[in-house]
Amino acid sequence: MTHKSTVALFAFSLSLVVPGFAQDKQDKKDDPPPIVIKRGPPTQKDPVPGTDKYPLTEALRALESGDSPQASTDGTPILPSISNAPAPGKASSEVPRDFQPKRDIVLNPTGLDALLISRDWEASHNTPAIGNDGRVLYTYGVGLPIVVCAPLHVCMVELEPGEKIIGEPHIGDSVRWEVAPTASGSGPDSTPILIIKPRISGLDTTMVVPTDRRAYYIRLQSKPAEYVARVAFTYPEDHNRQWQVFLAKQHEQEQQEKTQRVAELPNNAVENLYWKYAIKGGSSSTRPVHVLDDGEKTYIQMPEEAIHRELPVLVVKTPDGSEMVNYRVKDNIYIVDRLFDRAALLLGVGKHQTKVEIVREQEVKNGRTEPVRVPPPQPRASAPGGEQR
């Protein structure tokens, strides 16, 4: 093999081993010529401005106060305001994007005491009672009443008859609870009713109902199937008011009876009174205070404390034996519709019976007797010097 053949064979082998060698050599021939940078003579540099060139003091004051810096007229650079405060005179209603509300706060002793009192009231057991027509009765003001409802069912809360709802109920979760007003009856004594329905189960919220007499604070809970159909309230203050009205009417009735009793007496009743009756036996609580008659009726006055005790029975004694007579009692006075010579007041039976005898000194003749005249009061004798004794 000649030298030329050897060189040709080596070149062929090299082309097989490095296939891109010839292509890279061809690409280098096609590249543009390199850029030549020549260094020129140095130019005059701009001076670096000092700190007095920028109004840093004014910018700091504007940053602290939130005011935007005033425009400069002498060409001094103005730093942009970086304050988030709104412009003076304008109240911004936008909440900053990076605003993070407080999740909790620290209470002082006053707030802690108030919270404990409120928790005790909410946790106090307001025992429900059974009412008419399936009502569950809560005592108003004793504790927190709870109304349990269920989806697809209706709960009704009845208020006091004659009470007026003066505003829309306020409910904590007004989206998932429905509250609608209605009434039972008509006129001034109609009963206001609240119809309550939950949308889903597992809810727990509270509701306030303002009326012209009071404000109701009610807890609402929803269960899947259990619910309370009707809820009503009892009012302790109304019981006290009813007792006061009852006692006032009773006192008024007593006054009317006294006035009527005086009006029933004839004009000559005082002149015809007979007082001479003997009273024997008994105790101070069963013995009459006075016994008299007006010629037609007999009046037996008992002690004041006898009104609140068991009154004895009046029996009139006749030649044929003892007999019951018609009489009535007004307050502490027996009014007998006849005259008698002997009578008795009996209280109890057997050995423990108490007996008081009443004897008329002058016997009754033909049902009428001569009255005992009460002498008029005598004037006092005059002492020497014109003074009365």
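Residues numbered from 1 in each chain as written. Predicted model: local features only at pLDDT ≥ 70, side-chain atom pairs only at ≥ 80, totals over all residues. Heavy atoms only, no water.

Caption draft 1: The arrangement of the overall build of the protein in detail. Check the secondary structure of the protein and you find five helices and 19 strands. Of all 389 residues assigned to the protein, the portion counted as buried reaches 23%. For the protein, the computed accessible surface area is about 29400 Å², with 55% contributed by carbon and sulfur atoms. (Helix = DSSP H or I, 4+ residues; strand = E, 2+ residues; numbered from the N terminus. Buried < 20%, exposed > 50% of the residue type's maximum accessible area, 1.4 Å probe, protein only. Areas by Shrake-Rupley, 256 points an atom, 1.4 Å probe, with all protein chains shown as cover.)

Caption draft 2: Fine view of the environment of proline 145. Its location among the elements puts proline 145 in the loop between strand 2 (135-139) and strand 3 (146-149). Residues proline 145 and glutamate 122 lie 23 residues apart in sequence; the distance between their C-alpha atoms is 8.8 Å. In this structure proline 145 touches Asn126, Tyr138, Tyr217, Ile218, Arg219 and Phe233, once residues within four positions along its chain are discounted. (Contact = heavy atoms within 4.5 Å.)

Caption draft 3: View of the packing of aromatic side chains. In this structure the tally under the stated criterion is eight aromatic pairs. Put simply, the rings of Tyr140, Tyr216, Phe233 and Tyr235 pair up and form one aromatic cluster. The positively charged end of arginine 214 is found above the aromatic ring belonging to tyrosine 140, 5.3 Å away from the centroid. (Phe/Tyr/Trp six-rings, centres within 6.5 Å; stacked < 30°, edge-to-face > 60°. Lys NZ or Arg CZ within 6 Å of the ring centre and 35° of its normal.)

Caption draft 4: How the structure looks around the sheet that holds strand 12 (residues 290-293). Strand order in the open sheet formed by four strands is 12-13-17-16, with antiparallel pairing between adjacent strands. Two strands lie at the open edges of the sheet, namely strand 12 and strand 16 (327-330), each paired on one side alone. Adjacent strand axes in the sheet meet at a mean angle of 20 degrees when their direction is disregarded. Judged from the four bridges that link them, strand 16 and strand 17 (residues 333-336) form a sheet pairing that is antiparallel. The residue bridging valine 329 from the neighbouring strand is tyrosine 334, located in strand 17. (Pairing = 2+ DSSP bridges. Axes fitted to C-alpha atoms, helices over the stretch in contact; angles between N-to-C directions.)

Caption draft 5: Main features of the pairing of strand 15 (residues 321-324). Bridge count between strand 14 (residues 313-318) and strand 15: four bridges; the pairing is antiparallel. Among the inter-strand pairings, valine 315 is bridged to a residue of strand 15, identified as methionine 324. Where strand 14 folds back on strand 15, the antiparallel hairpin that results is connected by two residues.

Caption draft 6: Inspection of the pattern of salt bridges at higher detail. Per the counting criterion, the structure on display carries 17 salt bridges. The partner of aspartate 337 in a salt bridge is arginine 328, with the nearest N and O atoms 3.2 Å apart. The exposure class of arginine 328 is partly exposed, given its relative accessible area of 33%. (Salt bridge = Lys/Arg side-chain N within 4 Å of Asp/Glu carboxyl O.)

Caption draft 7: Quick look at a nonpolar patch on the surface. Together, Ile105, Leu107, Leu112 and Leu115 give the surface a local cluster of nonpolar side chains, amounting to about 340 Å² of exposed area. For leucine 107, a relative accessible area of 38% translates into the label partly exposed. (Patch = residues over 30% accessible without salt bridge, like charges linked within 9 Å, V, L, I, M, F, W, Y side chains within 5 Å.)

Caption draft 8: Focus on the environment of serine 124. Secondary-structure assignment places serine 124 in the loop between helix 4 (109-123) and strand 1 (129-130). Taking the C-alpha atoms as reference points, serine 124 and valine 142, separated by 18 residues in sequence, lie 7.9 Å from one another. Setting aside anything within four residues of it in sequence, one finds serine 124 in contact with Val142 and Gly143. From its side chain, serine 124 meets the backbone oxygen of tryptophan 121 in a polar contact 2.6 Å long. (Polar contact = N/O pair within 3.5 Å; in protein donor to acceptor, adjacent residues only side chain to side chain.)

Caption draft 9: Representation of the sheet that holds strand 2 in the model. Read across the open sheet, the six strands follow the order 1-2-10-4-7-6; overall the sheet is mixed. The open sheet terminates on both sides in strands that have one partner only, identified here as strand 1 and strand 6 (177-184). Pairing of strand 2 with strand 10 (residues 230-234), which is carried by five bridges, proceeds in the parallel orientation. Bridging across to strand 10, arginine 135 finds its partner in arginine 230.

Caption draft 10: A look at the side chain of threonine 211. Within the fold, threonine 211 resides in the loop between strand 8 (204-210) and strand 9 (215-222). Taking the relative accessible area as the measure of exposure, threonine 211 reaches 7% and is therefore buried. At 2.6 Å, the side chain of threonine 211 and the side chain of glutamate 163 are in polar contact. From its side chain, threonine 211 meets the backbone nitrogen of arginine 213 in a polar contact 3.3 Å long. Discounting chain neighbours no more than four positions away, the residues touching threonine 211 are Leu159, Glu163, Lys164, Ile165, Ile166 and Tyr216.

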